Amino acid sequence: MPVDTAAPTLSAAVNRLWLPRVSLSACVRGVMGRDTRAAALSDSQRLSYFPASPLCTLSWWFEGEAEMLPFGDPHGPVVRMPGRFVFGGPYRGPTLWRNPGPTHGMMLLLLPDAMHHLVGLEADHWVDRFDDAARVLPPDWIAMCEAVQAAADDDTRIRLIEDFLDPRWQAARPHVALAGHRYADWAQGLALRAATSHPGRSLRQMERRIKQWAGQSMRELRGIARAEQAFLDVAASGPPDWAAVAASGGYADQSHLCRETRRVTGFSPAELYRLIAENESFWAYRLWA
């Protein structure tokens, strides 16, 4: 689907990012919320672009609805959400969503190996997939989802999520501490645990464990980590020198940066930089900046 290329189109939609309490930092990456009920949006502004991600997600729609559009293929199938709260796995490429009308929703971002420890879920079975959470998660999780759905406001919802996850994570977390603040740190910690947590430490066995826990290979995870770091560097420094960004981000050259950025986001670095600044549909990128 083509992107609206008109001049700056940012709206009065309310977008929020909640970072996890410290005790959950190796389990939860954050919670993203969006409320467009009081915003006058065009059809194109009701689109939401997301990059490829190694994360699992648990999403709620308190009001309104959402549907997934085929990225870059206007004639592909549209997929409606299968429930009021939906579990999704890692995505190897960018995704495009649409809210047909005013909506209020929230997305919990969970590290995939944490889901393995918490509920025994294997991320490699959920790559590029989502389903009704009631068909995926155990009863106590569904009870939490229902309590979040019924809560009076978003801050109460965050407390419910964290109070539910905290004791379960402290009981289930691995002995090797994993850093979750940046994808690069998390991927490195994942590789360390894969190398030391089970008998058999060959490179092939380690890669198999990483793929099972994270749903993607270490090469794919490192590509996403490089893209995230380049994105954060550009967000912090203003108008970019793309050659310098490529050099500092660990890319072979500027062409490598362009290829990786297109793979992760669907856009060239310069085009993505402009769209994040000007286009309402890139609200999720702006939250991380």
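One can find the structure itself at the top, above this paragraph.
Below, the structure is looked at part by part. (Residues numbered from 1 in each chain as written. Predicted model: local features only at pLDDT ≥ 70, side-chain atom pairs only at ≥ 80, totals over all residues. Heavy atoms only, no water.)

A closer look at the overall build of the protein
Worth spelling out the cut-off: Where helices and strands are cited, they refer to DSSP runs of H or I of at least four residues and of E of at least two residues respectively, numbered from the N terminus. Each residue gets one of three labels from its accessible area relative to the maximum for its type: buried under 20%, exposed over 50%, partly exposed in between, using a 1.4 Å probe on protein chains only. We call two residues contacting when some pair of their heavy atoms lies within 4.5 Å. All accessibility values rest on the Shrake-Rupley procedure with a 1.4 Å probe; residue burial counts only the protein chains present in the view.
When helices and strands are tallied, the protein shows 10 helices and 10 strands. With 289 residues in all, the protein has 52% of them scored as buried. In the protein, 74% of the contacts between residues at least 6 apart in sequence involve partners at least 24 apart. When the accessible surface of the protein is summed, it comes to about 13,100 Å², and 55% of that surface belongs to carbon and sulfur atoms.

Some words on the sheet that holds strand β5 (residues 67–69)
Note the following rule: We treat two strands as partners when DSSP finds at least two bridges between them.
If you walk across this open sheet you meet the four strands as β3-β8-β5-β6, and the pairing is antiparallel. Bordering the open sheet on either side are β3 (47–50) and β6 (79–80), each of which pairs with just one other strand. Here β3 runs beside strand β8 (residues 95–98); their pairing, made up of four bridges, is antiparallel. Paired with Ser48 across the strands is Trp97, a residue of β8.

Here we look at the sheet that holds strand β10 (residues 130–132)
This is how it is decided: Here, axes are lines fitted to C-alpha atoms. For helices the fit covers the stretch in contact, and angles between N-to-C directions go from 0 to 180 degrees.
Spatially, the six strands line up as an open sheet ordered β1-β2-β9-β4-β7-β10, and their pairing is antiparallel. Each of the sheet's edge strands pairs with one partner strand only, and the pair in question is β1 (14–18) and β10. Here the average twist between neighbouring strands, direction ignored, is 20°. Direction of pairing for β1 relative to strand β2 (residues 28–35): antiparallel, over a ladder of five bridges. Note that in β2 the partner of Val14 across the bridge is Asp35.

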